[in-house]
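Overview (structure and organization)
Each chain is listed here by its residues.
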2 protein chains.
Amino acid sequence: MVMADDPPRRQPTLEAVAELAGVSRSVASRVLNNAPHVSRVKREAVERAVRELGYVPNPTARALATRQTGAAALVVSGEDPSIFADPFFAQVIVGASAALEEADLHLMLCLAATDRGRRRVEELLRGKGADGVMLMALRENDPLARTADEAEMPVVFGGRPVGTAPRWYVDVDNTGGAREATEYLLSRGRTRVAVICGRLDTEVGRARYRGYRDAMLAAGLEPFPPNEGDFTEPSGADVMAALLLQHPDLDAVFAANDNMAAGALRTLREAGRRVPADVAVVGFDDLAAARMADPPLTTVHQPIAALGRETARMLVALVHGETPTPLILPTHLVRRASA
Amino acid sequence: MVMADDPPRRQPTLEAVAELAGVSRSVASRVLNNAPHVSRVKREAVERAVRELGYVPNPTARALATRQTGAAALVVSGEDPSIFADPFFAQVIVGASAALEEADLHLMLCLAATDRGRRRVEELLRGKGADGVMLMALRENDPLARTADEAEMPVVFGGRPVGTAPRWYVDVDNTGGAREATEYLLSRGRTRVAVICGRLDTEVGRARYRGYRDAMLAAGLEPFPPNEGDFTEPSGADVMAALLLQHPDLDAVFAANDNMAAGALRTLREAGRRVPADVAVVGFDDLAAARMADPPLTTVHQPIAALGRETARMLVALVHGETPTPLILPTHLVRRASA
DNA sequence: AAAGGGGGTGGGAGCGCTCCCATTGGAAGC
DNA sequence: GCTTCCAATGGGAGCGCTCCCACCCCCTTT
C-alpha cells in the first residue's frame, strides 16, 4: 500500500501549467505575458491549464528574473511615528495609492523615524527592494538625501528638501500661495500684517515666509521678522501671543499653516480681539479643520492628493525609463470668514 | 586597445563577496545570517569584504530562496479610494506600521476598491506576494473573505466581518462600548433614549446597536428600532431630524459614531433643542473632531492605533508559526459636555 | 589504536520565472 | 524546385540567494 507523502500543497508552477497544456515553459510564459509567437491552439491550451490549476504566477520569482519588484515605496522621514495620522499625509497616500495602482505597482509605506526604520530604508534603497522611491518630509541635512542620491534607483521628492532642488520632485507653490494670501490681506486694507512662520529648517516654512515677505515688500511695507512656530496649534497660539505683546496694533496675520492659524484664533479670542473685524487671519493648507474653525478660516488651498498622485506618476515615468520634468502644483486662496 | 564594455554597474553579489573574502558562497551566506559553523577568521574576512564592496543582500533573491517576502499587506476593502484619508484608518496604519517594523516586515497598502484593486489583492493572496495579510473594513458578503479563506497565507481580520467570526481577528468591544454609553445616558435620568445606527451591513453597525438595545432592555425600556445612517455627518443629521419628528419627546440619543453625532448636534441646534439640557448626545470613536464639537462630545473612546498594532502583532505571530488567540480591545466612555 | 563525534567547509541543487538562441517547418519569392 | 524568411517552439542558462549534504580534519572516547 502506497502512503501518500505529507503533501506540501505547493502552488502550481509554470512548469506544471506547461506540462498540463502539453507545451514548453517558454510557450506558457509567453502566453502569460501575452507575448507574440504563440499559436492560437497552444495559447488556448495554456489558458485552460491555468484555469484548471488555479495558477497564479509567483511575483517573487518574476521579480528575480526581471529585476523588477513591482513595488514603489513611500518613505517619510521625521521623528514622529504618528506622522501617518497627519491628515496631510493621509491625503498624499490616497493620491499616491491611486496613481500606483494605475501602473500596477504596489505601495510600500516606510517610516524613517527610528534607527531601525532608517536602516531598513537604506537597505531598501541600496538592495533594490523596490522599483523606485518617493521621499517626503526630509529635514535639513537629512542623511536620507545622500543615500537616495547614491541609490541607483528612481527617486522622486514630494516637496523639495531644504536648500537644494533634487533632480526630480513635485511640489506645491508655497511661495505663490503665501504671496497671494498676504496680497489678499493687503487688498482688504490691512497694513500691519504679521506672520507666523513654520519651522524654518523646512523648505515649506521658508518658502511660505518668502511669499509673505515678497508681498509685503512689493507693497512698500516692512515685513515682520520670521516668528517661528513648529506647525502645531499650540505654537501658533504662543507666537500669536508674543506678536500681540510686541505689536498690539497689528490688524492681520498670515499663519504658515491651518494648525497654527487655529492657535492664533484661540489666542485672539482669549485676548478679546474680534476676527476679522480687529484682526484678519489667513492660514495655509485648507484642511477639513479650516472649515470647522470659528470663524471659518480663510486659507490657501493646496492640492494634497494631487501632490501624492503626481509624485507617484513621476516615479512611474522614471521606472518606465522616461524623463519627466519637475512639477509645481498651483495653490489658491479660499475665502471664508476669518479675513 | 581594450574598450571597457558599457559597465552594467550591477550590485555586488554574494558570490563576489565570497570571492573577495576567499571563501565559498556558503560561508559568506552563513556570516550574513549569522549562522554557526564559521571560524572567526573567515567571518571577519567576509565582514571586511562586505564593507569593502558595499554589499547589500538582494531581498528578492532571498525571498525566492526562503519563500518569505518580508512584507505584510494591509488590505482595505470598500468602494471609496479616499478611505486612507479617514482618520480612523490613518491611526490604524500608524499602529500597524510600528508593529511590523519591530518584526522587520515591510508594510504594503492595498485598496480593494476598484476591479483592478481587487484583482491585485487576489493575486497577492494567491500568489504569495506577502507573508501575511491584514484585512479590514470588509463588507457583507465581501468576496475577499472567501479568497482570504482559501489563501494559504496567514490572514488576520481587523474588526470582524459581518456574521461569522474568522479564525484570527482583533476587534474593539463595540457592543460593550455602546452598552456603556447607553447605560450612562440612563444613569443620568434619561429615559427616552433614541439611537442613530451605523450601516447595518457592517458588524460595527450591528454590534453597536446590540449594545444599545441590551442596555435599554436591561433597564426595562423599549429600545428604539434601528434607524440606519451610513456613518457620515449628513446621515446623522437626517436620521436625527426624522427622530425628532416621530419622537418629539426624546431626551437623549446615542449615535453609533462621532460623525453622525456631529450631524445630530447640528440638527438639534437648528431645531432649537439645547444639548445636553433638552437632549443629551453620546457618540462613538473619540476622534479629534469630538473634542472640537460644540458642545464637546461625550463619546466612547476606542484604541485605534492599538487595533492596528495588535492586528499586526497577531499577524507576525502567525507568520512565525505561533498560534495566537483572537483579541477584543476595551473601550471606555469619555465624558464631555454633550451628555 | 581504532572507532566515533562534531565543527568547519564548499559543492551543488534548487526557488519559479524570463529570455536568449538554436531548431524546425511551411509559406513566399526567385 | 530551390533558396529565403519568419512564425512557432523548446532547451537551457541565468537571476542571487539558501540550505542540504558529503567531506575533511582533528580531537575525544573505549
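Considering the nonpolar core
Counting 65 residues, the largest nonpolar core has Phe84(A), Leu109(A), Phe84(B) and Leu109(B) as the members making the most contacts within it. In this structure, Phe84(B) is in contact with Ala90(A), Ile93(A), Val94(A), Ser97(A), Val76(B), Ala90(B), Ile93(B), Leu109(B), Cys110(B) and Leu111(B), ignoring residues within four places of it in sequence.

Details of helix α7 (residues 143-150) of chain A
Residue and element names in this part refer to chain A. Residues of α7 that are buried include every one of Leu144, Thr147 and Ala148, and no others. Looking down the long axis of α7, one finds its buried residues gathered within 100 degrees of arc, a one-sided arrangement. Turned more than 90 degrees off the buried face of α7, the exposed positions are Pro143, Arg146 and Asp149. Looking at the buried side of α7, the elements it contacts are β1 (71-77), β2 (106-112), α6 (115-126), β3 (132-136) and β4 (155-158).

Regarding the pattern of salt bridges
All names here are of chain A. Going through the model one piece at a time under the given rule, you end up with 46 salt bridges over all chains. Its salt-bridge partner being Arg206, residue Glu140 comes within 3.1 Å of it at the nearest N-O pair. In this pair, Glu140 sits in the loop between β3 and α7 while Arg206 sits in helix α9 (residues 203-218), placing the two residues 66 residues apart along the sequence. For Glu140, a relative accessible area of 37% puts it in the partly exposed group.

Overview of the relation of the copies chain B and chain A
When chain B is fitted to chain A, the residual RMSD is 0.2 Å, and the transformation amounts to a turn of 180 degrees plus an axial shift of 0.1 Å. With respect to symmetry, the two chain copies, as superposed, fit the operation of a two-fold axis. Judged by C-alpha distance, Met108(B) is the residue of chain B that lies nearest the rotation axis, at 2.2 Å. Residue by residue, 100% of the interface of chain B is reproduced at the interface of chain A, so both copies engage with the same surface.

A few points about the packing of aromatic side chains
For any two aromatic rings, the description comes down to two numbers: the centre-to-centre distance and the angle of the planes. Residue and element names in this part refer to chain B. Summed over the entire model, instances satisfying the criterion amount to five aromatic pairs over all chains. Here the aromatic rings of Tyr209 and Tyr212 are separated by 5.8 Å at their centres, their planes lie at 35 degrees, and the arrangement is tilted. Here Tyr212 and Tyr209 lie together in helix α9 (residues 203-218), a separation of three residues that amounts to about one turn. Relative accessible area serves as the criterion here: at 0%, Tyr212 is assigned to the buried category. In this structure, Arg167 is placed above the aromatic ring of Trp168, and the distance from its NZ or CZ to the ring centre is 4.5 Å.

A look at the environment of Asn34(A)
Its place among the elements puts Asn34(A) in the loop between α2 (25-32) and α3 (40-53). For Asn34(A) and Ala16(A), which are 18 residues apart along the polypeptide, the C-alpha to C-alpha distance reads 18 Å.

A few points about the domain arrangement of chain A
Residue and element names in this part refer to chain A. Under the domain assignment, chain A is made up of domain 1 (14-57), domain 2 (71-172 + 305-328) and domain 3 (174-301). Look at where the C-alpha atoms of domain 2 and domain 3 centre, and you get two points 29 Å apart. Domain 2 puts 10 residues into the contact, and the matching count from domain 3 is seven residues. Of the roughly 710 Å² buried where domain 2 meets domain 3, counting both sides, 49% is carbon and sulfur surface. On the domain 2 side of the interface with domain 3, the three residues burying the most area are Glu140, Val162 and Val172, jointly 49% of the side's total. One can count one salt bridge joining domain 2 with domain 3. Inspection of the region where domain 2 meets domain 3 yields two residue pairs in polar contact (both at pLDDT 80 or more). Considered class by class, the residues forming the side of domain 2 that touches domain 3 number four nonpolar, one polar and five charged.

Quick look at the protein's contact with DNA strand D
Close to DNA strand D lie 28 residues, the nearest being Ser26(A), Arg30(A), Leu14(B), Ser29(B) and Tyr55(B). Here DNA strand D approaches the protein such that, of its atoms within 4 Å, sugar and phosphate make up 62%. At 2.7 Å, a side-chain N or O of Arg30(A) approaches a base oxygen of DNA strand D. Note that a phosphate oxygen of DNA strand D is positioned 2.8 Å from one of the side-chain N or O atoms of Ser29(B). Counting residues per element, the ones that place at least two in the surface near DNA strand D are α2 and α4 (59-66) of chain A together with α2 (25-32) and α4 (59-66) of chain B.

Analysis parameters
Residues numbered from 1 in each chain as written. Chains lettered and ligands numbered in written order. Predicted model: local features only at pLDDT ≥ 70, side-chain atom pairs only at ≥ 80, totals over all residues. Heavy atoms only, no water. Core = buried A, V, L, I, M, F, W, Y, C linked by side-chain atoms within 4.5 Å. Buried < 20%, exposed > 50% of the residue type's maximum accessible area, 1.4 Å probe, protein only. Contact = heavy atoms within 4.5 Å. Helix = DSSP H or I, 4+ residues; strand = E, 2+ residues; numbered from the N terminus. Arc of directions from axis to C-beta. Salt bridge = Lys/Arg side-chain N within 4 Å of Asp/Glu carboxyl O. Least-squares fit on C-alpha atoms with pLDDT ≥ 70 in both. Phe/Tyr/Trp six-rings, centres within 6.5 Å; stacked < 30°, edge-to-face > 60°. Lys NZ or Arg CZ within 6 Å of the ring centre and 35° of its normal. Domains from an automatic or database assignment. Buried area = accessible area lost by both parts, 1.4 Å probe. Polar contact = N/O pair within 3.5 Å; in protein donor to acceptor, adjacent residues only side chain to side chain. Nonpolar A, V, L, I, M, F, W, Y, C, P; charged D, E, K, R; others polar. Near = heavy atom within 4 Å.

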